[in-house]
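Results of the structural survey
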Amino acid sequence: MPSPSSTVDATLTLHPDRALPAEPGVRAIAREIYGSVANLPIVSMHGHVPVEWFAEDRPFSDPAELLVVPDHYVVRMFVSQGARPEDLGVRPLDPSAPPAESDPRTIWRRFCAGWKHFRGTPSRFWLEHELVEIFGVREVPSEATADAIYDRIESVLREDSFRPRALLDRFNIETIATTDNAWDTLDAHGRLAAEGFGSRVLPTFRPDAVCHLDRPTWVDDVDLLGAAAGVDVSTYAGFLEALRVQRARFVAAGALATDHGHLGVDTTPLDEAEAARLYAAARTGRTTSAGARAFAGHMLFQMAAMAAEDGLVMQIHPGVLRDFDQAVHRRLGPDKGYDIPLAVDYARGVRPMLEAFGHHPNFRTILFTIDETVYSRELAPLAGVFPSVRLGAPWWFLDAPDAMRRFREAVTETAGFANMSGFVDDTRAFCSIPARHDLARRVDAGYLARLVAEHRLTLDEAVDTAADLAYHLPRLAYRAGDAQ
Amino acid sequence: MPSPSSTVDATLTLHPDRALPAEPGVRAIAREIYGSVANLPIVSMHGHVPVEWFAEDRPFSDPAELLVVPDHYVVRMFVSQGARPEDLGVRPLDPSAPPAESDPRTIWRRFCAGWKHFRGTPSRFWLEHELVEIFGVREVPSEATADAIYDRIESVLREDSFRPRALLDRFNIETIATTDNAWDTLDAHGRLAAEGFGSRVLPTFRPDAVCHLDRPTWVDDVDLLGAAAGVDVSTYAGFLEALRVQRARFVAAGALATDHGHLGVDTTPLDEAEAARLYAAARTGRTTSAGARAFAGHMLFQMAAMAAEDGLVMQIHPGVLRDFDQAVHRRLGPDKGYDIPLAVDYARGVRPMLEAFGHHPNFRTILFTIDETVYSRELAPLAGVFPSVRLGAPWWFLDAPDAMRRFREAVTETAGFANMSGFVDDTRAFCSIPARHDLARRVDAGYLARLVAEHRLTLDEAVDTAADLAYHLPRLAYRAGDAQ
Amino acid sequence: MPSPSSTVDATLTLHPDRALPAEPGVRAIAREIYGSVANLPIVSMHGHVPVEWFAEDRPFSDPAELLVVPDHYVVRMFVSQGARPEDLGVRPLDPSAPPAESDPRTIWRRFCAGWKHFRGTPSRFWLEHELVEIFGVREVPSEATADAIYDRIESVLREDSFRPRALLDRFNIETIATTDNAWDTLDAHGRLAAEGFGSRVLPTFRPDAVCHLDRPTWVDDVDLLGAAAGVDVSTYAGFLEALRVQRARFVAAGALATDHGHLGVDTTPLDEAEAARLYAAARTGRTTSAGARAFAGHMLFQMAAMAAEDGLVMQIHPGVLRDFDQAVHRRLGPDKGYDIPLAVDYARGVRPMLEAFGHHPNFRTILFTIDETVYSRELAPLAGVFPSVRLGAPWWFLDAPDAMRRFREAVTETAGFANMSGFVDDTRAFCSIPARHDLARRVDAGYLARLVAEHRLTLDEAVDTAADLAYHLPRLAYRAGDAQ
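Residues numbered from 1 in each chain as written. Chains lettered and ligands numbered in written order. Predicted model: local features only at pLDDT ≥ 70, side-chain atom pairs only at ≥ 80, totals over all residues. Heavy atoms only, no water.

Per an unreviewed UniProt entry, chain A goes by Uronate isomerase and derives from Flavimobilis rhizosphaerae. The UniProt entry for chain A carries this comment under Pathway (unreviewed entry): "Carbohydrate metabolism; pentose and glucuronate interconversion." One UniProt comment on chain A, placed under Sequence similarities (unreviewed entry), says "Belongs to the metallo-dependent hydrolases superfamily. Uronate isomerase family." (UniProt positions renumbered as here; feature names shortened; annotations may be inferred.)

Written out as structure tokens, the structure reads:
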């Protein structure tokens, strides 16, 4: 069918107005707002990029390993259409199991052949952005173009200018945080600091593994924590001390935040004796799911107490039933696209924490959710009154154009803009970071443009707010540098 | 007030752009997309039209019996404004009770006098479509026009071209499914098959009545099942066998799907001994609500197991508290407009079923909901990874313009289009089927047009996707004909 | 940045098209619809303005006391940004506690300096409307303009034309309801009636304090009830009788409604013996939270039974966890911005009440919520069939442009317009009442204009519906005057 748009089918291009509102008047305003923030530096405070990438600065291996295999958004879409994760290169944990596809070109061809499946998804937007902006690809992915695109990307990957550290500059990333185990000794971060990347690549303290008594690796992980901290963790008191020591190590290494991914969001403290009892029992392998649940809630409260001491910003990412399919989890491990959000009693859950620390001048928590129902009902009202609370950006499945717009519409009227975290990406896909921030800036520009067009905001207020959302608010929310 | 639109008040007309987006640029794109799918055949895989209508092909009696009395959308609106269901012709179960209005013209006059109540509802859209397109009515319903419209419809109803079978052609219905009890012997479907309608009017296996131990008619219904299957159902094993036999009979009669309308969506299997114990107790009239609930969940799991064997697509329609007002239910029976949706713990509920069969190549389930909160939180993430799961179209109260748009916006970004069922109507109102499919095609065209206008999709991708949603995806979801 | 809109920064003005849709075609229709209802009288049936303001008709003291201190929307926004409520003039209950800021000019300066925080909130819309329309302010609030604006408002406050009663005329308020304790003797309303305001300022019966056995003041409040009614409340029977007597007193004083703000919405009646037992125990200070919860649900049922007798419209405002931070509550008292909405099992909760009275010709209940999830799932389906149920307007945090639009989109397709309450404000901020009604009329005009532009409604139907929503439906819902 002849039409301007459909020519995009012939050549892969990025329209300058993509993801901006369709209505011409609003779009014109959105263009002006977006233009004023498009080139602001990226503050990426919740990443999952391995720190080794930056510490070792090795070239990336191939297009499949970079863009397909580690991206569970991509893998799960093919699985939903009948492929096995192994067909996309996801390796089974058991070496004796049927092996995963190991030829990157075969994986890439499968990916390109399934390009149609990504219609209407943010992966389509991110991948198009990456292919065009980063790799200079001009063909729309398909079986026919797969090899040519593969060759193009592979040649780019060989360039020194495409090493991870060089990309930090190219992507205009001012700060990027990694996520690190509570027992990490942060050697890689140390090496980066020695080479002048100390204020640019920051660690994030993630203690989930040692806060859940019923995780199979809990005893070993707590031992790792004790060893890293040089503290005897045979007692609950020692366990808390080890956490304090490691938090201090993270602070010294430039960490600004902790991250907590519990299933629920209960923060009810136990009395110390009960906590110690549950801890001691678990050390000897005796725990119950009820006890583990209670201890996990207790530990969220303890982490808040320590945060009020050491000032690390407490990120809470609750409400996801991880590894929904346990057989898949046993075969392939975590983070393979089988995590399903659930409803969480959010306000009641965080109440003990906020009653204790919600007004503490040194306490800061950023609340995230994948349950849109708590946006206007619970999180915006909480962020709109508690000085310690910031409302996190749309997370995970909601990091998408329409979902991000719904978020703004649901929370702004109650919480305003100043109680938001600003945009926070959450990805393992390093090359998608610029695309994700660009998309968020476009969606926010479109939302603000509507407020201007409806005479609810002036244009210069909208431009000022767009800069807050894209850059200043994340720095404030995480107390980054001079913004602190 | 003089205005182009208000002339619609004088003459009832259907605007060619109705239910398309208002913004001129988006509307122009939507028109092109809609135009490309407007005339595709209708695949109606979840109907509640009585099979006898097609088997006997008798003329319809009168306008009230066709358009008012059986349509609970219409009846409940009048009830909410103070009428009794009996005033709209709904007959009480007890012959000695005050009788329902029996004069179709009186019922019709009441309906036309209340036309204003349907402003902003899909019933208004459907009924206008039916009046104009099917009956050639030109007057806006009102007290003044009621008789003229009645006479017009009545005269049309007398034409042979308005018999049920003729309407299948006129409505361009390629396939229509009926909903049939588990103990149905499908004689009517047999007669239809003998007359060449076998691939056009399909049965659907609905075992709810025999899966809920606490329903007053459970013992009798199970006996009917046993009799139909020719199997002794005095034991639980016999009960399962009878279900297998009847499922096979439905498959032989061309059935493609089963339908399950539980209050919850728990699918936890019981051990066989416990299931047999609950069954045996219920056969002797001894059951508890907890036992009935557990057995119902167990049976959903059993139905999934059988579906993985015989390939019938498993439709799940949970979360509706039927017969909310029990006095009305005792007086008038079920499906009288007193069914109220509730929140359901959806993902946790289907987990046992999906862990057991979610990757089975022969298993297919279509998940429906009337709880919009699970769209982005649970159903889209599930459909976006499990190959057996398709996400059903907006159902019941959500089969409406704005609700259908919200559905697309909530699920597409996570699940894409290929994991959708495409449009599935769910109605007792045979004449509303073309209107419902037309409305869905318009709303999808509008949604896709916005993606094109926002440069998130090309026009030819949108046109291709519109055909998928209107025709190809329903055939794929239900494994209809060559699409299998 | 030079731009037409940004000139609004120089002078504070109200754009005639504010809060109307941006798309020019839809806006033109919306303008016509809005223009037809902009000047209709205000029916304000759920206010929290103290009746004394009208009875005594004293001038307002100062800008801070009028616009900042009592408005928890305003105070909580500053608290979320680090201020203490006391900094905004909120007085601690304990006179020996650190005192609140007492200089109104200092409070006003703080408010103006934080004007930016209200971007995107309805407070911004309401306050702009009040400053321009009521006080003739022309400066955008800021540190620089704070004093000038303060002086301007103060001078206006000294005018006789700004006394509360004069404002009733100026605001075009036809009827305004106050909220009064169950034990109120309504002397102020009596004085108002004697002066001819009896049909204009109406009391509302609010029995929450005496329906919750576990409230610290319950025993005393019940004694007050008994004293007001002249009934011995030492027994449960006497308690019910006292409630009947006081309800009759409210009816005699012109009350049209009761209001019920329970945490949950359970309406399960207890048998009388159990209710009497719980009551007697509570009179001697012995109650449990479970017992109090059960009694509260029982009392909602009792209030419905009395409503079916005396015809008072029963407003239910559930699902808010009051005084989320108990330390703040102890320090400052209730209604200080620390109330957080929660999910409520709404349909199941009201089922006993609706099964008993849902079809009673004399019973009318208006259901409100701050949980958007029940709009399309539970409340619209209930309002769409039960003749006694009207669906209340978006309440509290949802009384905002985008939230009000979402409400219409979520409920209209299922419940239609005639089952709505029409707009009901809910405010302590007297001067914001015209702004709130104006905003609601604009948002409804925009919603209706879209239906017209999408050819789902004719323009004259939209104009007629707009008048229903703004004026006629509230009068019908509350059975006000001749509308009864």
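So, next bit.
Observations concerning the sheet that holds strand E1 (residues 42-44) of chain B
Residue and element names in this part refer to chain B. On the basis of which strands lie adjacent, the open sheet formed by three strands has the order E1-E2-E4 and parallel pairing. Among the strands making up the open sheet, the edge pair consists of E1 and strand E4 (201-202). The pairing of strand E2 (residues 173-177) with E4 spans two bridges and is classified as parallel. Of the residues in E4, the one forming a bridge with Ile176 is Val201. (Pairing = 2+ DSSP bridges. Helix = DSSP H or I, 4+ residues; strand = E, 2+ residues; numbered from the N terminus.)

Some words on the pairing of strand E6 (residues 257-260) of chain B
All names here are of chain B. Neither face of E6 is open: one carries Ala257 and Asp259, the other Thr258 and His260, and all of them are buried. As defined by bridge partners, E6 adjoins strand E7 (residues 313-316) across four bridges and the pair is classed as parallel. Paired with Asp259 across the bridge in E7 is Gln315. (Buried < 20%, exposed > 50% of the residue type's maximum accessible area, 1.4 Å probe, protein only.)

Points about the nonpolar core
Judged by nonpolar contacts, the single largest core of 159 residues is most densely connected at Phe239(A), Leu243(A), Trp108(C), Phe111(C), Phe135(C), Phe162(C) and Phe430(C). With eleven residues, the top contributor of residues to this core is helix H14 (residues 289-310) of chain A. Contact partners of Leu243(A), with chain neighbours within four places excluded, come to Phe205(A), Pro207(A), Val210(A), Leu225(A), Met299(A), Met303(A) and Met306(A). Among the nonpolar cores identified, the runner-up in size contains 158 residues, and Ile173(B), Tyr338(B), Ala292(C) and Ala383(C) belong to it. (Core = buried A, V, L, I, M, F, W, Y, C linked by side-chain atoms within 4.5 Å. Contact = heavy atoms within 4.5 Å.)

Describing the relation of the copies chain A and chain B
Screw-axis analysis of chain A against chain B gives a translation of 0.0 Å along the axis, an RMSD of 0.0 Å, and a rotation angle of 120 degrees. Within this description, the copies of the chain are treated as partners about a three-fold rotation axis. (Least-squares fit on C-alpha atoms with pLDDT ≥ 70 in both.)

Description of the interface of chain A and chain B
Each partner contributes residues to the interface: chain A has 55 residues there, and chain B has 49 residues. Interface area, chain A with chain B, both sides summed: about 4,200 Å², of which 53% is carbon and sulfur. Seen at the junction of chain A and chain B, the total is nine salt bridges. In this structure, the salt-bridge partner of Arg119(A) is Glu461(B), at a minimum N-O distance of 3.8 Å. (Buried area = accessible area lost by both parts, 1.4 Å probe. Salt bridge = Lys/Arg side-chain N within 4 Å of Asp/Glu carboxyl O.)

Looking at the interface of chain A and chain C
At the junction of the two partners, chain A supplies 49 residues and chain C supplies 55 residues. Of all residues in chain A, Arg377(A), Glu413(A) and His455(A) give up the largest surface area on contact with chain C, accounting jointly for 17% of the area buried on that side. At the boundary of chain A with chain C, the tally comes to nine salt bridges. For the pair chain A and chain C, the number of links is 25 residue pairs in polar contact (both at pLDDT 80 or more). Within the residue set of the side of chain A that touches chain C, elements represented by two or more residues are helix H1 (24-37), helix H16 (346-357), helix H17 (373-383), helix H18 (401-415), helix H19 (433-453) and helix H20 (459-477) of chain A. Residue composition of the side of chain A that touches chain C, by class: 20 nonpolar, eleven polar and 18 charged. (Polar contact = N/O pair within 3.5 Å; in protein donor to acceptor, adjacent residues only side chain to side chain. Nonpolar A, V, L, I, M, F, W, Y, C, P; charged D, E, K, R; others polar.)

Quick word on helix H17 (residues 373-383) of chain C
Burial within H17(C) is extensive, with eleven of its eleven residues counted as buried. Those residues of H17(C) not exposed but buried are Thr373(C), Val374(C), Tyr375(C), Ser376(C), Arg377(C), Glu378(C), Leu379(C), Ala380(C), Pro381(C), Leu382(C) and Ala383(C).

Some points on the sheet that holds strand E2 (residues 173-177) of chain A
Residues and elements named next belong to chain A. Spatially, three strands are ordered E1-E2-E4 in an open sheet, and the strand pairing comes out parallel. Looking at which strands have only one partner, the edges of the open sheet turn out to be strand E1 (42-44) and strand E4 (201-202). Across the sheet, H19 touches E1 and E2, and the angle it forms with E1 is around 110 degrees. (Axes fitted to C-alpha atoms, helices over the stretch in contact; angles between N-to-C directions.)

Quick notes on the pattern of salt bridges
The final tally for this structure, using the stated rule, is 142 salt bridges over all chains. With a shortest N-O distance of 2.8 Å, Arg406(A) and Glu372(A) are connected by a salt bridge. Residue Arg406(A) is located in helix H18, and its partner Glu372(A) is located in the loop between strand E10 (365-367) and H17; the two are separated by 34 residues in the primary sequence. Classification of Arg406(A) as buried rests on a relative accessible area of 17%. Salt-bridge contacts for Arg31(C) lead to Asp17(C); the nearest nitrogen and oxygen are separated by 2.8 Å. Of this pair, Arg31(C) sits in helix H1 (residues 24-37) while Asp17(C) sits in the segment before H1, and the two are 14 residues apart along the sequence. Owing to a relative accessible area of 7%, Asp17(C) belongs among the buried residues under this scheme.

So, the relation of the copies chain A and chain C
Expressed as a screw transformation, the operator carrying chain A onto chain C has a rotation angle of 120 degrees and an axial translation of 0.0 Å, and the superposed copies differ by an RMSD of 0.0 Å. An overlap of only 4% is found between the interface residues of chain A and their copies at the interface of chain C, pointing to separate contact surfaces.

Considerations on the pairing of E2(A)
Residues and elements named next belong to chain A. By the criterion of burial, E2 is predominantly enclosed, with four of the five residues buried. Bridge count between E1 and E2: three bridges; the pairing is parallel. Bridge pairing in E2 places Ile42 opposite Ile173.

Digging into unusual backbone geometry
The backbone of Arg479(A) sits at a positive phi, close to 55 degrees, despite the residue not being glycine. Mapped onto the elements, Arg479(A) comes out in the segment after H20.

A word on helix H20 (residues 459-477) of chain C
Its maximal kink placed at Leu469(C), H20(C) deviates by approximately 55 degrees. Trailing H20(C) by a residue or two, Arg479(C) shows a phi angle of about 55 degrees, which is positive. (Bend = angle between axes of the 7 residues up to and from the residue.)

Describing the side chain of Glu409(C)
Among the structural elements, Glu409(C) can be located in helix H18 (residues 401-415). Beyond its immediate stretch of four places on either side in the chain, Glu409(C) contacts Asp402(B), Arg405(B), Arg406(B), Tyr447(C) and Arg450(C).

Considerations on the packing of aromatic side chains
Here the structure, examined in full by the defined rule, presents 84 aromatic pairs over all chains. Judged by centre distance (4.9 Å) and plane angle (75 degrees), the rings of Tyr375(A) and Phe407(A) are edge-to-face. Note that Tyr375(A) is positioned in helix H17 and Phe407(A) in helix H18, a separation of 32 residues in sequence. Taking relative accessible area as the criterion, Tyr375(A) reaches 2% and is therefore assigned buried. Of the aromatic side chains, those joined through ring pairs into one cluster are Trp53(A), Phe54(A), Phe60(A), Phe135(A), Phe162(A), Phe171(A) and Phe430(A). Positioned over the ring face of Tyr34(B) is Arg442(B), at 4.2 Å from the centre of the ring. (Phe/Tyr/Trp six-rings, centres within 6.5 Å; stacked < 30°, edge-to-face > 60°. Lys NZ or Arg CZ within 6 Å of the ring centre and 35° of its normal.)

Thoughts on the environment of Arg475(A)
One can find Arg475(A) in helix H20. In this structure Arg475(A) comes out as buried when scored by relative accessible area, which is 10%.

A short note on the environment of Glu86(A)
Residue and element names in this part refer to chain A. Summarising the element assignment, Glu86 is placed in the loop between helix H4 (72-80) and helix H5 (104-113). Distance in space between the C-alpha atoms of Glu86 and Glu65 is 13 Å, their sequence separation being 21 residues. Sequence-distant contacts of Glu86, defined by excluding residues within four places in its chain, comprise Pro92, Pro99, Ala100, Glu101, Arg331 and Leu332. Reaching out from Glu86, the side chain makes a polar contact with the side chain of Arg331 at a distance of 2.6 Å.

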